Amino acid sequence: NTLIGGYAQQGQWEEALKCFVRMQRKGLCPDAVSFVCILKAAGSARAIDEGKKIHKEIVNRGFLPEDITLGTSLVDMYAKCGVVVKAQQVLNELPVKNVVTWNALIEGYAQYGQGDGAMNCFKQMKKEGLTPDVVIFLSLLKACGNTKSIDMGKQIHNEIMGRDLLEENIALGNALVAMYTKCGVVDKAQQVLEELPTRDVVGWSTLITGYTQQGRGHEALKCAERMRSEGFSPDAVTFTCILKACGDAGVID
């Protein structure tokens, strides 16, 4: 299991599968941990056919009713392989679910640009009495940005504010800035960034990118100056955006 898990973590799907097969040939029966590791490898490699075979073996061994981690791994494998409808079906059939299980599905919907599916999962999860965590909100904001669902994004923003989550998590604040930027509402993105209790180079770079993509070079350069005044040094991404902003604004000096 340790070896299979190591190959899975390194993204070496074929090696993980070989170990899984060799283990069984030596007369050792896979346990729940074995299946969790091999499902992770299958998901990372988008090996849906092998993932289905493993799913069948898990069901035959009767592991699912007893192991929520294994159920979550199945949902995650199907979601990463892009078979989000099947991931939803697996989740619906699980006897027990938790926030991590739901997030695996929401992240799948987000990754494949299905904002409505992600939001429906969020609502269903809350109906079941589960409290969303920061990871859930990060996935939802990603989905909103990918699908340019500004109304949905505002709902999520309100919920985050209601839970007072921005005080402790700078990544969540940056995700909000990115969501508004991707939706084309860059002025709102700047307002959000300026109201954050703490900022970093990622948030400023995201905002500068947003202004640059809209051809608003002067605003992008003002943000770059603000970022420097707060003691943040531009990274390679920021410099790329600043150079484009200079070109758009005609600021050759």
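The preceding data block contains the structure.
What counts, and at which threshold
- Residues numbered from 1 in each chain as written.
- Predicted model: local features only at pLDDT ≥ 70, side-chain atom pairs only at ≥ 80, totals over all residues.
- Heavy atoms only, no water.
- Helix = DSSP H or I, 4+ residues; strand = E, 2+ residues; numbered from the N terminus.
- Buried < 20%, exposed > 50% of the residue type's maximum accessible area, 1.4 Å probe, protein only.
- Contact = heavy atoms within 4.5 Å.
- Areas by Shrake-Rupley, 256 points an atom, 1.4 Å probe, with all protein chains shown as cover.
- Salt bridge = Lys/Arg side-chain N within 4 Å of Asp/Glu carboxyl O.
- Axes fitted to C-alpha atoms, helices over the stretch in contact; angles between N-to-C directions.
- Parallel < 35°, antiparallel > 145°, perpendicular 65-115°, else oblique.
- Left-handed = near helix turned anticlockwise from the far one by under 90°.
- Core = buried A, V, L, I, M, F, W, Y, C linked by side-chain atoms within 4.5 Å.

Student: I'd like to hear about the overall build of the protein chain, residue by residue, with values.
Tutor: Along the backbone of the protein chain there are 15 helices and zero strands. Overall size of the protein chain, expressed as C-alpha extent along the three principal axes, is 70 × 40 × 30 Å. Counting all 253 residues of the protein chain, 45% fall into the buried class. Within the protein chain, counting contacts between residues at least 6 apart in sequence, those at least 24 apart form 61% of the total. Just so you have it, the protein chain exposes about 12,800 Å², and 51% of that area is on carbon and sulfur atoms.

Student: Quick rundown of the pattern of salt bridges? Include the residues and the values.
Tutor: Applying the stated criterion across every chain, the model contains 14 salt bridges. Across the salt bridge formed by Asp76 and Lys80, the nearest N and O atoms sit 3.1 Å from each other. Remark: Lys80 and Asp76 occur in helix H5 (residues 68-80); sequence separation between them is four residues, near one turn of the helix. Here Arg226 makes a salt bridge to Glu230, at a shortest N to O gap of 3.9 Å. A single network of salt bridges, built from pairs that share partners, joins Glu194, Arg199, Arg226 and Glu230.

Student: Help me get a handle on the packing of helix H13 (residues 201-213) against helix H15 (residues 236-249), residues and values and all.
Tutor: Running from N to C, H13 and H15 point in directions that differ by 30°, and their axes come no closer than 9 Å. Here H15 runs roughly parallel to H13, going by the angle between their axes. When you trace H13 past H15, the crossing you get is left-handed. Residues Val201, Ser205, Ile208, Thr209 and Thr212 of H13 pack against Thr238, Cys241, Ile242, Lys244, Ala245 and Asp248 of H15.

Student: Could you give an account of the nonpolar core, naming the residues involved and the relevant values?
Tutor: Ile38, Leu105 and Ile156 are the most contacted members of the largest nonpolar core, which has 77 residues in total. Here Ile38 is in contact with Ile4, Trp13, Ala16, Leu17, Phe20 and Ile54, once residues within four sequence places are set aside.

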